[in-house]
Amino acid sequence: MSVPARATAAVRKLGKPTPRDAIAGLVTGLFSIPEGMAYASIGGFNPVAGLYAGVVPGIIGSLFARTVLMVTTLTSAIALTSRSVLHDAGLDPADPANVAALAIVVGIVMLVFGLLKFGSIMSFVSNAVMTGFSTGIALQIIAGVLGDATGYKPQSGNTIGKFIDSLAHIGLWSGAAVAVALGTVAVWAVFHFIKPLESFATLLALVVVTAVVAIAKVDVETVGDIASIMNSLPPVTVPNFAAMPELLMGGVAVALVALAQAAGISAAVPNPDGSRTNMNGDFLAQGAANAVGGFFGALPTGGSLSRTGVATSAGAQTRWAGIFAGIWLALLVLIAGSTAEIIPMPVIGGLILVIGAELVVGRWKDIKLVLRVAPLSALAMLITFAATTQLPLHTAILIGVITSLVLYCAKAAKSAQLMALEPDNGGWRSVPVPDQCASNDVTILHYAGVGLFAEVARIDEDWPRAEGSTNAVVVLSMRALPDVPSSVAIKALRRWGGELKANNGRLIVSGVDSATAEVLRRGDLDDLLGPDGIVPATDRVFGALDTAVAQGRAWIAAQRGEPGDLTQRDSN
């Protein structure tokens, strides 16, 4: 396909923007002014850099993301992680060249992750772990605006600690800030329950309460108290190229934090058109957003759960909502950036409280389902939730991945089983595995499991004894094995086959695919099992098993000096 044809296809894929997308983009753009500046300030950066993080990165991220409603911009976790990375590298976070270098490095790391298909790794992260992670992030968002909503800035470093600290110092809360925040929630609720105005509730609450506070001259913190906003577009920034090598490892950490947050969005906010999300596509979209955004004064960015929540709450229907958000933000900054300085921070705090609560409520069904039906998964969910709210986010991500891996291994080991089979009216039925191999007979075993690795010890306990038997044949069916055996499995098969051979018996392995058969031969098992001891799978289910059983019966007959009976139950 030619380049123009690809461009035309990409434009068609965008679809047509809707009025709701334009409104949702306007609301999200307005939110990006105070929230972006606040997050940048939290990280010790120039607040205006947080503002610019919603322009170019927001547009590029929404253009290419496979989670179509995901808004790519600065988050509190990314800001805090970025500050830590620059501090450890001995670089000044106030220098735009250093910020640009970090953003570009993060973008390159994300692009590499996407190209290497690392997004598929997220498929192994269980729903329970993602539920705990996204719920913890939602709570973290709420905790992040407690200072704005109450006028008291919690001093604790973790999410739960912020709630405790805030409640412990309730006497230091600002009555005006609390009143404005509660008033914002009340106004939002009124408009939210008026059906025609439901999609505009967030915008209306922002505008109405801001106007009331300005007219009444209520003394609360405003966006202008954080920093002044110049009426200009993001400047072109030359990055500190010399610092990029030493920012590489830190860039990986920032990228992991951002990508994990984006993974939580794809789980919590499905595509309205029913299309599937794709982690690798989201990795590439965020990588491009950072690689380009770094040249335009933006801090590192990623999928923002709070800003995505703002967009969906305001009625976003397609990816155009995110594109409009970046365009609106650019226009607002260019035309009336300084006007946004009058927005009260308690208004932002109140609306973020609503959005965070909506995100938690949105996961409530998943939380109840996990708690009700899967005790082990529930434990994983609670561990991930606790880690997300109590530890640095990159540590919580690592714990979540490890928890998912342990959960996967536990389930895989539990599902692995060895069963015996007996003929039953032209088919097979499962029966308990005998304690000992039957002399002058064929014992048929079937393994159902993952890959004969950690399960070998369990199978060893159930494997029938060969001692005391003679002319015993064991046929091991491995048709359902989804992966080639490990070296541990090769050793186990050699041991089981050796014990049978020592007692004048033999082992036949049946139903293996070509890759598994080749691995068994490279492990010299054909020397032990004999030239017909490995029976490949056939197109017919258990066809190889019929062949192996017939071979076993013929071998027994030959050992006893009887005519061999190669008759099978069905033709192969």
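Residues numbered from 1 in each chain as written. Predicted model: local features only at pLDDT ≥ 70, side-chain atom pairs only at ≥ 80, totals over all residues. Heavy atoms only, no water.

1. Details of the domain arrangement of the chain
Then, in step 1: Examined at the domain level, the chain breaks down into domain 1 (19-142 + 228-342 + 363-408) and domain 2 (417-560).
Then, in step 2: Centre-to-centre separation of domain 1 and domain 2, based on C-alpha positions: 52 Å. (Domains from an automatic or database assignment.)

2. A look at the pairing of strand 6 (residues 473-477)
Then, in step 1: Of all five residues making up strand 6, five are buried, and the element is well covered by its neighbours.
Then, in step 2: Alignment of strand 5 (residues 442-448) against strand 6, held across five bridges, turns out to be parallel. Each bridged residue has a counterpart across the sheet, and for Thr 443 the counterpart in strand 6 is Val 474.
Then, in step 3: Across five bridges, the pairing between strand 6 and strand 7 (residues 506-512) is parallel. Across the sheet, the residue bridging to Val 473 is Arg 506, located in strand 7. (Buried < 20%, exposed > 50% of the residue type's maximum accessible area, 1.4 Å probe, protein only. Helix = DSSP H or I, 4+ residues; strand = E, 2+ residues; numbered from the N terminus. Pairing = 2+ DSSP bridges.)

3. Let's talk about a nonpolar patch on the surface
Then, in step 1: On the surface, Leu 233, Ile 327, Leu 331, Leu 334 and Ile 335 cluster together to form a nonpolar patch covering roughly 430 Å² of accessible area.
Then, in step 2: Positionally, Leu 233 belongs in the loop between helix 12 (223-226) and helix 13 (248-268).
Then, in step 3: By relative accessible area, Leu 233 is classed as partly exposed at 44%. (Patch = residues over 30% accessible without salt bridge, like charges linked within 9 Å, V, L, I, M, F, W, Y side chains within 5 Å. Areas by Shrake-Rupley, 256 points an atom, 1.4 Å probe, with all protein chains shown as cover. Salt bridge = Lys/Arg side-chain N within 4 Å of Asp/Glu carboxyl O.)

4. Topic: helix 23 (residues 514-522)
Each α-helix winds once per 3.6 residues, and so residues spaced three or four apart point in a common direction.
Then, in step 1: Residues of helix 23 that are buried: Thr 516, Ala 517, Val 519 and Leu 520. Along the long axis of helix 23, the arc covered by the buried residues comes to 160°, so they all point the same way. Summarising the geometry of helix 23, the exposed residues directed more than 90 degrees from the buried face are Ser 514 and Arg 522.
Then, in step 2: The opening residue of helix 23, the one whose side-chain oxygen lies 3.3 Å from the backbone nitrogen of Ala 515, is Asp 513.
Then, in step 3: Immediately beyond the C-terminal end of helix 23, within one or two residues, lies Asp 524, with a positive phi of roughly 60°. (Arc of directions from axis to C-beta. Polar contact = N/O pair within 3.5 Å; in protein donor to acceptor, adjacent residues only side chain to side chain.)

5. Here's the deal with the pairing of strand 5
Then, in step 1: With six of seven residues buried, strand 5 lies mostly within the body of the structure.
Then, in step 2: Where strand 3 (residues 417-424) and strand 5 come together, five bridges link them in antiparallel fashion. Each bridged residue has a counterpart across the sheet, and for Gln 417 the counterpart in strand 5 is Ala 448.

6. With respect to the pattern of salt bridges
Then, in step 1: Taken as a whole and assessed by the stated rule, the structure comprises eight salt bridges.
Then, in step 2: Ionic pairing is found between Lys 153 and Asp 148, a salt bridge with its closest N-O pair at 3.3 Å.
Then, in step 3: Where Arg 522 meets Glu 518, a salt bridge forms, and the shortest distance between an N and an O atom there is 3.8 Å. Residue Arg 522 and its partner Glu 518 are both found in helix 23; the two are separated by four residues, about one turn of the helix.

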